[in-house]
Amino acid sequence: MKNRFLSMLIGAVLFVLSAAAENYPYRSDVLWVTVPDHADWLYKTGEKAKIEVQFYKYGIPQDGVEVLYELGGDMMPSDTKGTVKLKNGKAVISMGTMKEPGFRDCRLTAKLGGKTYSHHIKVGFSPEKLQPYTQLPSDFNEFWNKTKAEAARFPLTYTKEYVEKYSTDKIDCYLIRLQLNKQNQCIYGYLFYPKAEGKYPVVLCPPGAGIKTIKGPMRHKYYAEEGCIRFEIEIHGLNPELDEDTFGEISRAFSSRENGYLVNGLDSRENYYMKRVYLACVRSIDLLTSLPEWDGKNVIVQGGSQGGALALITAGLDKRVTVCVANHPALSDMAGYKAGRAGGYPHLFKNTVDMDTPAKMKTLAYYDVVNFAKQITVPVYMTWGFNDNTCPPTTSYIVYNVLNCPKEALITPEKEKISVKVQLKAVMKNRPYLLALAGQILFGFTLYGRNADILYYFTYVEGNASYYTTYSMCIIIPSIIGAACFQPLFRKLNNKGRTASLFALFTGISMLSMFFFNAKESPAIFYALSGLTQFFFSGFNTAI
C-alpha cells in the first residue's frame, strides 16, 4: 500500500515536471538545439566540454547565421565571449572546464530577420562533490526544538468549512483556517478527503513562492480520488477565496526588493518572517495527524520550488514525516554567492540590497534548506534540472549531496522554469499562430461540412452509401503521405507560402478533374483522383 502511494506521488511530480521541464515551453518560429558531447551533460573536473549548437527557423537549418556566446559559472558573470558562424545550421562551441565542482553556463544569442533570439545551456563538472557554503550553527537543533516546543503550547485550533464547488461524488473538500498562535495569526488551506470511509495516508503540500491564491485546487483532485488526504496550504494568512485583484494588490505592496516577505525581519532569527511559516508547516502536520481518517502511519510532504524547500524543511523539523518529495527546492545554500558561485532562490545577494551583514548572514543559516536536509532520516525523492535560473542546479545538487538518508533523484537537464504568464504573453504576440488557430477552427467546420456533402452525394445522387466507405479507405494512405511530403518540399523551396500555394493549386486541379468521373461508371479513375486530391489537400493543411 505504501509503495502504491509513493508511486502516485512521484508520478504527480513527474506530471508537473513534464509540463514545466520542456526547454521550448511555447512554440516559436525558431528552435535552438544544444547537444553536449556527454549525453548526461556531466563531466569530471578538469575535463573539457563541447556543445553542438543547432538553430532552425520553420524547421529549416539556418546557414551562415552568426551566434554570439558567453561562458560563465552558474548564475555568474561571463568570463569568456565569442562568436561562431553556423554551417548547415550547426556549430561547435568549446565550453572549457572547471577546476572545482560546479556548473558552467553557455548563453547564446542570434539575430535573424531583425529579431534577437536567445538560449542557454548548463553542464556540470563533478556536481556530486558540491558542498554548501552555509554552515550548520552549533545550536541549530536547540533553537528549533525550543521554538517548536513554544509553538506546541498553543492548542490545535481551526475552522472547517465545506466547499461544495470543489467536491464531487468521489471526494469532499473543506476550507481550513488553521490558527498558529495566540496572536491569532493563521494560514488557510484546502483539505481534500476521499468520500469513502476508511483510513488514509496524509499529504501536506506547501506553496511555491509569492503572495497568491491557491490556484485551481481541483487540479490535484486525483490525490483524494486515489486514496490520500491532501492539505494544500498558503502561508500568509490570506483566505484563498479572496479575488485575484486583491491578492495582486497585496503582492505588489509586499513583494519589492526592500520589503519582500523573504527578507522581512532577517536581522533576527527570532523575528524573521519565515519562522512563522516553518512552524505553520509543523502545525499542519498536527492537524493532519489529528484526523480520525488518518491511517496512523503515512505522513508525506511534497512541493516544488519554495514548496520543495518547505517540504524538506518540514521533514527535517518533524519526525512524524515518513516520506518527502521535493522538486527543485528554493531557499538552498542562499549564501552560496559568497563562495563565488550560485546561491539559491530568492538570490538575496543579487536581487536585494544591504544583504551582506553579520546579523543577516547568521539568521540565514538557521533557515537554509541545507541545514534541515542534514536532519532528515526518512526517504527523500528529489527532481531538478540544469537550465533552471530560478532554482539553479548548483543548489539542488548541494541539498541532495548533504542528505544522509535513503534518497533518489530524477535529473532532467533541459528543465528551465518559465511562468505561464510569460508563455501566454508570448503566444498572444504570435499573430501568425493566432491566425492559424482561428483558421484551424474554421477548417474544422469546413471539413465536417465537406464530409457531410460527400456522404449526401453517395447516398442520394449515386444511390449507394457504401461508396463512402470505399472512398474513405482510398484517401487514408494518401492523406498521410501528403502530410509527410510537405516538409521536404518546403526545405527545397525554402518558402512556406509558395509550398502551400502549390499544394492548394494541385488540390483544385485534381478536385476539378473528379467532376468528369463517378464512382459507379469509372470507379478506378474516380477513387484515384480522390486519393490524389486528398494527398495535395493534406499537404496544404499541414502548411496552414
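Calculation notes
- Residues numbered from 1 in each chain as written.
- Predicted model: local features only at pLDDT ≥ 70, side-chain atom pairs only at ≥ 80, totals over all residues.
- Heavy atoms only, no water.
- Pairing = 2+ DSSP bridges.
- Helix = DSSP H or I, 4+ residues; strand = E, 2+ residues; numbered from the N terminus.
- Axes fitted to C-alpha atoms, helices over the stretch in contact; angles between N-to-C directions.
- Contact = heavy atoms within 4.5 Å.
- Polar contact = N/O pair within 3.5 Å; in protein donor to acceptor, adjacent residues only side chain to side chain.
- Expected span 1.5 Å × (residues − 1).
- Buried < 20%, exposed > 50% of the residue type's maximum accessible area, 1.4 Å probe, protein only.
- Arc of directions from axis to C-beta.
- Patch = residues over 30% accessible without salt bridge, like charges linked within 9 Å, V, L, I, M, F, W, Y side chains within 5 Å.
- Areas by Shrake-Rupley, 256 points an atom, 1.4 Å probe, with all protein chains shown as cover.
- Salt bridge = Lys/Arg side-chain N within 4 Å of Asp/Glu carboxyl O.
- Phe/Tyr/Trp six-rings, centres within 6.5 Å; stacked < 30°, edge-to-face > 60°.
- Lys NZ or Arg CZ within 6 Å of the ring centre and 35° of its normal.
- Left-handed = near helix turned anticlockwise from the far one by under 90°.
- Parallel < 35°, antiparallel > 145°, perpendicular 65-115°, else oblique.

**Student:** Looking at this structure, I do not really get the sheet that holds strand β11 (residues 171-179). What am I missing?
**Tutor:** Sheets are built from strands paired through backbone hydrogen bonds, the pairs being either parallel or antiparallel. Pairing within the open sheet is mixed, and its 9 strands lie in the order β10-β11-β12-β14-β13-β15-β16-β17-β18. One side of each edge strand has no neighbouring strand; the edge strands of this open sheet are β10 (157-162) and β18 (407-412). Direction aside, neighbouring strands of the sheet carry axes that sit 20° apart on average. Two strands pair when backbone bridges link them, and strand β12 (residues 186-194) and strand β14 (residues 229-233) are joined in this way by 4 bridges, in the antiparallel orientation. Within β14, the residue paired with Y190 across the bridge is E232. Contacts between helix α6 (residues 306-317) and the sheet are confined to β13 (200-205), β15 (294-304), β16 (323-327) and β17 (380-385), with β15 contributing the most and set at about 140° to the helix.

**Student:** Before we go on, may I ask you to explain the side chain of H220 in this structure?
**Tutor:** Within the secondary structure layout, H220 lies in the loop between β13 and α3 (222-225). In terms of polar contacts, H220 uses its side chain to reach the side chain of R219, at 3.3 Å.

**Student:** Teacher, can you tell me more about helix α2 (residues 140-152) here?
**Tutor:** Spanning 13 residues, α2 covers 18 Å between terminal C-alpha atoms, matching the ideal 18 Å at 1.5 Å per step. By the burial criterion, the buried members of α2 are F140, F143, W144 and T147. Buried residues of α2, seen end-on, are gathered within an arc of 90° and therefore sit on one face of the element. Turned more than 90 degrees away from the buried face of α2, the exposed residues are E142, K146 and A152.

**Student:** Help me out: how do you make sense of a nonpolar patch on the surface in this one?
**Tutor:** Residues M473, I476, I477, I480 and I481 make up a contiguous nonpolar surface patch of about 500 Å² in total accessible area. Within the secondary structure layout, M473 lies in helix α13 (residues 466-493).

**Student:** Where do I start with the sheet that holds strand β8 (residues 102-112) in this structure?
**Tutor:** Overall, mixed pairing links the 5 strands, which are arranged β2-β9-β8-β5-β6 in an open sheet. Each edge of the open sheet is held by one strand with a lone partner, namely β2 (42-43) and β6 (78-85). As judged from the 2 bridges shared by β2 and strand β9 (residues 115-125), these two strands associate in the parallel manner. Following the sheet pairing, L42 is matched in β9 by G124.

**Student:** Sorry, what's going on with the packing of aromatic side chains here?
**Tutor:** Between two aromatic rings, the relevant description is the distance of the centres plus the angle of the planes. Summed over the entire model, instances satisfying the criterion amount to 27 aromatic pairs. Look at F143 and Y366: their rings are 5.3 Å apart centre to centre, the planes differ by 65°, and that puts the pair in the edge-to-face class. Separated by 223 residues along the polypeptide, F143 in helix α2 and Y366 in helix α8 (residues 358-367) bring together distant segments of the chain. Since its relative accessible area comes to 4%, Y366 is described here as buried. Arranged with centres 5.6 Å apart and planes meeting at 65°, the rings of Y162 and Y174 form a pair that is edge-to-face. Of this pair, Y162 sits in strand β10 while Y174 sits in strand β11, and the two are 12 residues apart along the sequence. Take Y162: its relative accessible area is 40%, and that puts it in the partly exposed class. Cluster of aromatic residues (ring-pair linked, three or more members): F140, F143, W144, Y272, Y278, Y366, Y367 and F372. Directly above the aromatic system of Y223 lies the positively charged group of R230, at a separation of 4.6 Å from the ring centroid. It is K407 that lies over the ring of Y400; its NZ or CZ is 4.5 Å from the centre.

**Student:** Explain unusual backbone geometry here, please?
**Tutor:** Excluding glycine, residues mostly have negative phi values, and the peptide bonds linking residues are mostly trans. For the bond running from Y345 to P346, omega is 15°, close enough to zero to count as cis. As for its position among the elements, P346 is in the loop between β16 and α7 (348-351). Backbone geometry at M75 places phi at a positive 65°, although glycine is not the residue there. The class for M75 is buried, based on a relative accessible area of 13%. Despite not being glycine, N184 shows a phi value in the positive range, around 65°. Relative to the helices and strands, N184 resides in the loop between β11 and β12.

**Student:** How should the packing of α2 against helix α5 (residues 273-290) be read in this particular structure?
**Tutor:** Think of two packed helices as two axes; the pair is described by the angle between the axes and how far apart they sit. Where α2 contacts α5, the two axes come as close as 11 Å, and the packing angle between them is 65°. When the axes of α2 and α5 are compared, the crossing they make is right-handed. Seen from α2, the contacting residues are W144, T147, K148, A151 and A152; seen from α5, they are K275, Y278, L279 and R283.

**Student:** Would you mind going over the packing of α5 against α6 with me for this structure?
**Tutor:** Two elements in contact, α5 and α6, have axes separated by 10 Å at closest approach and are oriented at 70°. With respect to their mutual orientation, α5 and α6 come out roughly perpendicular. Between α5 and α6 the crossing geometry is right-handed. Facing α5, whose interface residues are M274, V277, Y278, C281, V282 and I285, α6 presents L310, I313, T314 and L317.

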